[in-house]
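Fold and contact review
So you can see what is in the structure, the chains are spelled out below.
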Amino acid sequence: MTLNFSERADQLTDQLRIIEHGSHDSDELFYCAYILGLLGLHSSVEGDGSLTFDQYFYNELQATISAENLTEEDRAAINTLWKKVTT
């Protein structure tokens, strides 16, 4: 069954919440919250397919990261976390 974008965003949110609830690392909590916030903003976009959503969201994530004043370490960690929940 093909997931629509909203369902895929919910699926990823659930995975991030599991990581968030099991973490005691403040940096990891920040990275989870960062991605969760963006997922909330983009979950209402119309479309179907997990891979299509993942690519769409990855592009949005990169654009947002580029526009903000994040350290290279934070950028890399956010991307690593994104890769972790999408593979």
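Before any of the text, the structure's been laid out above.
Residues numbered from 1 in each chain as written. Predicted model: local features only at pLDDT ≥ 70, side-chain atom pairs only at ≥ 80, totals over all residues. Heavy atoms only, no water.

**A look at the packing of aromatic side chains**
We apply this condition: In summary, the pairing rule links any two rings of Phe, Tyr or Trp, Trp by its six-membered ring, whose centres are within 6.5 Å, and it sorts them by plane angle into stacked for under 30 degrees, edge-to-face for over 60 and tilted for everything else. The buried label goes to any residue with under 20% of its type's maximum accessible area, the exposed label to any with over 50%, and the partly exposed label to all in between, with areas taken from a 1.4 Å probe on protein chains only. Secondary structure elements are defined from DSSP: runs of H or I of at least 4 residues count as helices, runs of E of at least 2 residues count as strands, and each element is numbered from the N terminus.
Counted according to the given criterion, the structure contains seven aromatic pairs. Judged by centre distance (5.6 Å) and plane angle (65°), the rings of Phe30 and Tyr31 are edge-to-face. Of the residues examined, Phe30 reaches a relative accessible area of 37% and is grouped as partly exposed. Consider the rings of Phe53 and Phe57, whose centres lie 5.8 Å apart with planes at 20°: the pair is stacked. Taken as a pair, Phe53 and Phe57 lie in helix H3 (residues 50-67) at a separation of four residues, close to a single helical turn. Residue classification places Phe57 among the buried positions, given a relative accessible area of 0%.

**Details of a negative patch on the surface**
To be explicit about the condition: Patches here are clusters of residues that have more than 30% relative accessible area and form no salt bridge, with a 9 Å joining cutoff for like charges and a 5 Å cutoff for nonpolar side chains (Val, Leu, Ile, Met, Phe, Trp, Tyr). Here the accessible surface of atoms and residues is derived via Shrake-Rupley with a 1.4 Å probe, and residues count as covered only by protein chains that are part of the display. By convention in these notes, a salt bridge is any Lys or Arg side-chain nitrogen within 4 Å of a carboxyl oxygen on Asp or Glu. By the counting rule applied here, Lys and Arg register as positive and Asp and Glu as negative, while His and the ends of each chain are not counted. Charge coordinates come from a single atom per side chain, which is NZ of Lys, CZ of Arg, CG of Asp or CD of Glu.
A grouping of Glu7, Asp10, Asp14, Glu46 and Asp48 is seen on the molecular surface, where their side chains present a negatively charged patch. By secondary structure assignment, the location of Asp48 is in the loop between helix H2 (26-42) and H3.

**A short note on the nonpolar core**
Put simply, the rule reads: We define a nonpolar core as any set of buried Ala, Val, Leu, Ile, Met, Phe, Trp, Tyr and Cys residues linked to one another through side-chain atoms lying within 4.5 Å. In this description, contact between two residues means that some pair of their heavy atoms is separated by no more than 4.5 Å.
Counting residues in each nonpolar core, the largest one holds 21 residues, and the members touching the most others are Leu16, Ile35, Leu39, Phe57, Leu61 and Ile78. Every element with two or more residues in this core is listed here: helix H1 (5-22), H2, H3 and helix H4 (72-86). Residues within four places of Ile78 in sequence aside, it is in contact with Tyr31, Tyr34, Ile35, Leu61, Ile65 and Leu70.

**Side note on the pattern of salt bridges**
Going through the model one piece at a time under the given rule, you end up with three salt bridges. Here Asp54 makes a salt bridge to Arg8, at a shortest N to O gap of 2.8 Å. With a gap of 46 residues between them, Asp54 in helix H3 and Arg8 in helix H1 connect regions that are remote in the sequence. We note that Asp54, like Arg8, is buried. The residue Glu20 makes a salt bridge to Arg17 at a minimum N-O spacing of 2.8 Å. Placement of the pair is Glu20 and Arg17 together in helix H1, with a separation of three residues, close to one helical turn.

**Examining H1**
Under the convention used in this document: Expected span of a helix, by definition, is 1.5 Å for each gap between consecutive residues, and there is one gap fewer than residues. Here the arc refers to the set of directions running from the helix axis out to each C-beta atom. Pairing of N or O atoms within 3.5 Å defines a polar contact, subject to two protein rules: one partner must be a possible hydrogen donor and the other a possible acceptor, and residues neighboring in sequence count only if both atoms are side-chain atoms.
With 18 residues, H1 ought to run about 26 Å at 1.5 Å a step, and its terminal C-alpha atoms sit 26 Å apart, in line with that. Three or more residues of H1 are buried, namely Phe5, Arg8, Ala9, Leu12, Leu16, Ile19 and Glu20. One side of H1 carries all its buried residues, which in axial view fall inside an arc of 110°. Exposed side chains of H1 directed beyond 90 degrees from the buried face belong to Ile18, His21 and Gly22. The residue sitting at the N-terminus of H1 and contributing the capping side-chain oxygen is Asn4; that oxygen lies 3.0 Å from the backbone nitrogen of Ser6.

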